[in-house]
Amino acid sequence: PDGIPFAPMMTYQKYLTMQEKRVKVTIRYSAEAGLRPFYLTVANKIKSTYPDVLLEKRILPPVGSDAGGEEAIFEVVVDGKTVVGKKKTKMLKVTSRSSRKSDGDDD
């Protein structure tokens, strides 16, 4: 087969170099604030749009529970820069819509 060009085998060092160049996306959220559905939605959207990113999940411990109010945190960090940061006092109520067929929303 003359039509297929020869490519040298990938070395382990080349593999490591390629891994270091991948964009790192970290999603951080509060443990007990009901934010897991938000994490799953954002993670799935990022992975489907940018399949080569390195996705990392960080679940933060509960903060401010001794003061009587919970502080919920949800952040998306791309290469060390916060691109989405949401801090909200009190617990967040998360509702789920099970039937989304009639929305007409193809995002």
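Residues numbered from 1 in each chain as written. Predicted model: local features only at pLDDT ≥ 70, side-chain atom pairs only at ≥ 80, totals over all residues. Heavy atoms only, no water.

**Q** So what's going on with the overall build of the protein chain? Which residues, and what values?
**A** A tally of helices and strands in the protein chain yields two helices and four strands. Along the protein chain, from the amino end to the carboxyl end, the secondary structure elements read α-β-α-β-β-β. Taken across its 107 residues, the protein chain has 16% of its residues classed as buried. Within the protein chain, counting contacts between residues at least 6 apart in sequence, those at least 24 apart form 62% of the total. Carbon and sulfur atoms form 54% of the exposed surface of the protein chain, whose accessible area is close to 8900 Å². (Helix = DSSP H or I, 4+ residues; strand = E, 2+ residues; numbered from the N terminus. Buried < 20%, exposed > 50% of the residue type's maximum accessible area, 1.4 Å probe, protein only. Contact = heavy atoms within 4.5 Å. Areas by Shrake-Rupley, 256 points an atom, 1.4 Å probe, with all protein chains shown as cover.)

**Q** Tell me about the confidence of the model for the protein chain, and please be specific about residues and values.
**A** On average, residues of the protein chain score 77 in pLDDT, and 71% of them are at 70 or above. Per-element mean pLDDT across the protein chain ranges from 75 in strand 4 (residues 81–89) up to 94 in helix 2 (residues 36–49). Overall, residues 98–107 carries pLDDT values under 50, and its contacts beyond four positions in sequence, including any with other chains, amount to three contacts. (pLDDT = per-residue confidence, 0-100.)

**Q** If you had to explain unusual backbone geometry to someone new, which residues and values would you point to?
**A** The phi angle at Asp 79 is positive, at roughly 50 degrees, despite the residue not being glycine. For Asp 79, the position within the fold is in the loop between strand 3 (71–78) and strand 4.

**Q** Tell me what's going on with the side chain of Glu 75, and back it up with residues and numbers.
**A** Tracing the backbone through its elements, the reader meets Glu 75 in strand 3. In this structure the side chain of Glu 75 is engaged in a polar contact, spanning 2.7 Å, whose partner is the side chain of Arg 28. (Polar contact = N/O pair within 3.5 Å; in protein donor to acceptor, adjacent residues only side chain to side chain.)

**Q** Hey, could you go over helix 2 for me, with residue numbers and the actual values?
**A** Spanning 14 residues, helix 2 covers 20 Å between terminal C-alpha atoms, matching the ideal 20 Å at 1.5 Å per step. The secondary structure elements touched by the buried residues of helix 2 are strand 1 (24–30), strand 2 (54–60) and strand 3. (Expected span 1.5 Å × (residues − 1).)

**Q** Which residues make up a nonpolar patch on the surface, and what values do they have?
**A** Taken together, the side chains of Met 10, Tyr 12, Tyr 15 and Met 18 present a nonpolar region at the surface, about 460 Å² in accessible area. Checked against the element boundaries, Tyr 12 lands in helix 1 (residues 12–20). (Patch = residues over 30% accessible without salt bridge, like charges linked within 9 Å, V, L, I, M, F, W, Y side chains within 5 Å. Salt bridge = Lys/Arg side-chain N within 4 Å of Asp/Glu carboxyl O.)

**Q** How would you summarise the packing of aromatic side chains if you had to cite specific residues and measurements?
**A** Per the stated rule, a full pass over the model turns up three aromatic pairs. Centre to centre, the rings of Tyr 12 and Tyr 15 are 6.3 Å apart; their planes meet at 25 degrees, and the pair counts as stacked. On the criterion of helical spacing, the pair formed by Tyr 12 and Tyr 15 is a turn pair, its members being three residues apart in helix 1. When the centroid spacing of 6.4 Å and the interplanar angle of 65 degrees are considered together, the rings of Phe 38 and Phe 74 count as edge-to-face. Placement of Phe 38 in helix 2 and of Phe 74 in strand 3 is noted, with a sequence separation of 36 residues between them. (Phe/Tyr/Trp six-rings, centres within 6.5 Å; stacked < 30°, edge-to-face > 60°.)

**Q** Describe the environment of Val 25, and please don't skip the residues or the numbers.
**A** On the secondary structure map, Val 25 appears in strand 1. Taking the C-alpha atoms as reference points, Val 25 and Val 76, 51 residues apart in sequence, are found 7.0 Å from one another. Setting aside residues up to four positions removed in sequence, Val 25 forms contacts with Ile 46, Val 53, Leu 54, Leu 55, Glu 56, Val 76, Val 77 and Val 78.

**Q** Give a description of the environment of Thr 49 that names residues and reports values.
**A** With respect to the helices and strands, the residue Thr 49 is situated in helix 2. For Thr 49, a relative accessible area of 43% gives the class partly exposed. At a separation of 2.8 Å, a polar atom in the side chain of Thr 49 contacts the main-chain carbonyl oxygen of Lys 45.

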